[in-house]
Amino acid sequence: MSADMVARLLDVDDPNVRVAIAQSRHVDADTRNRLYALVEAEREAGSTKACIALNWSFTEPSWLREEPLDERLTYLDCRQPVFRRVLASCRDLPEEAWRRLDNDPDINVRRTAARRPDTPPEVLERLVRAHGDEFHIRPPLVEHPNFPRHTLRTFVDEPDPRIRSVALRDPELPVTALYQLAAASEPSLRRGVARHPQASDDLLNQLLSDPTPDVAEAAAANPVLRRTRMYGILSEGDV
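Residues numbered from 1 in each chain as written. Predicted model: local features only at pLDDT ≥ 70, side-chain atom pairs only at ≥ 80, totals over all residues. Heavy atoms only, no water.

As a further point, take the side chain of Arg18. Mapped onto the elements of the fold, Arg18 is located in helix H2 (residues 15–22). For Arg18, the contacting residues outside a window of four places in its chain are Val12, Asp13, Leu35, Leu38, Val39 and Glu42. (Helix = DSSP H or I, 4+ residues; strand = E, 2+ residues; numbered from the N terminus. Contact = heavy atoms within 4.5 Å.)

As structure tokens, then:
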């Protein structure tokens, strides 16, 4: 949008318009903060439209990536996380900027920063250990070339099941660790064990009687399972 268009839309009270205008390069920081504050107040008052505008909008200030480095760095202190997230998607930032973005209070900013090619291994491990590795975000952070994959099996002892499941990303996870995960109450963990290439025949036989059907189905489909047992399941219709 041009500066004239932004000026004409400043008084529109639609939350989506306000957020879009606030993300324009043609507004100053005070105007941006005022527009966001108005939408945030609407959200607190129960407006679904304001909530969507703030949390589910796909718009972003992509123009920021084209600005000179010195200008971009001024957004390290921006109140709105979307600006810091766009900044974190750049690849030419100085070390101090990366240090701040790696410790940003917003998880999405930290995830974006962690996708740079030279992310330190300890930053990747800390992020995954604190928040897990959500599989709908591609590629998962554990697939980053710098992720310390030798630490994967240590995730078995994490208290949070969502984080504990990261251990299953280790294709050579010891069977003792798989038994530990199979004892969990969460079906998603048992399902992951049932699909793991290191699962023993005995462990799979145990999971074949799992009360959750898709866990038993995963165990029956694991190629580690003896063929005679697999054929028996197919013929008997146990799963």
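Evaluated as defined, the whole model comprises three aromatic pairs. For the ring pair Trp63 and Phe83, a centre distance of 6.4 Å and an interplane angle of 70° mean the geometry is edge-to-face. Taken together, the residues Trp63 in the loop between helix H4 (48–55) and helix H5 (69–73) and Phe83 in helix H6 (residues 81–88) connect sequence positions 20 residues apart. With 5.5 Å between their ring centres and 10° between their planes, Tyr75 and Phe83 make a pair best called stacked. Considered together, Tyr75 and Phe83 belong to a single accessibility category, that of buried residues. Among the aromatic residues, those joined into a cluster by ring pairs are Trp63, Tyr75 and Phe83. The positively charged end of Arg32 is found above the aromatic ring belonging to Phe83, 4.5 Å away from the centroid. (Phe/Tyr/Trp six-rings, centres within 6.5 Å; stacked < 30°, edge-to-face > 60°. Buried < 20%, exposed > 50% of the residue type's maximum accessible area, 1.4 Å probe, protein only. Lys NZ or Arg CZ within 6 Å of the ring centre and 35° of its normal.)

For the structure shown, the criterion picks out zero disulfides. For the unlinked cysteine Cys51, the closest cysteine sulfur is that of Cys78, found at 20 Å. (Disulfide = S-S within 2.5 Å.)

Among the secondary structure elements, Val17 is positioned in helix H2. Along the chain, Val17 and Thr154 lie 137 residues apart, while their C-alpha atoms are 47 Å from each other.

So, on to helix H11 (residues 175–182). All of the buried residues in H11 are Ala177, Leu178, Leu181 and Ala182. The arc enclosing the buried residues of H11, seen along the axis, measures out at 140°, which places them on a common side. For H11, the elements touching its buried residues are helix H10 (161–164), helix H12 (187–195) and helix H13 (201–207). (Arc of directions from axis to C-beta.)

This paragraph deals with the pattern of salt bridges. One pass over the structure, following the stated rule, counts 20 salt bridges. A salt bridge links Arg169 to Glu143; the shortest N-O distance between them is 2.6 Å. Here the residue Arg169 occupies a position in the loop between H10 and H11, and Glu143 occupies one in the loop between helix H9 (121–131) and H10, the gap between them amounting to 26 residues. In this structure, the salt-bridge partner of Arg162 is Asp160, at a minimum N-O distance of 3.6 Å. (Salt bridge = Lys/Arg side-chain N within 4 Å of Asp/Glu carboxyl O.)

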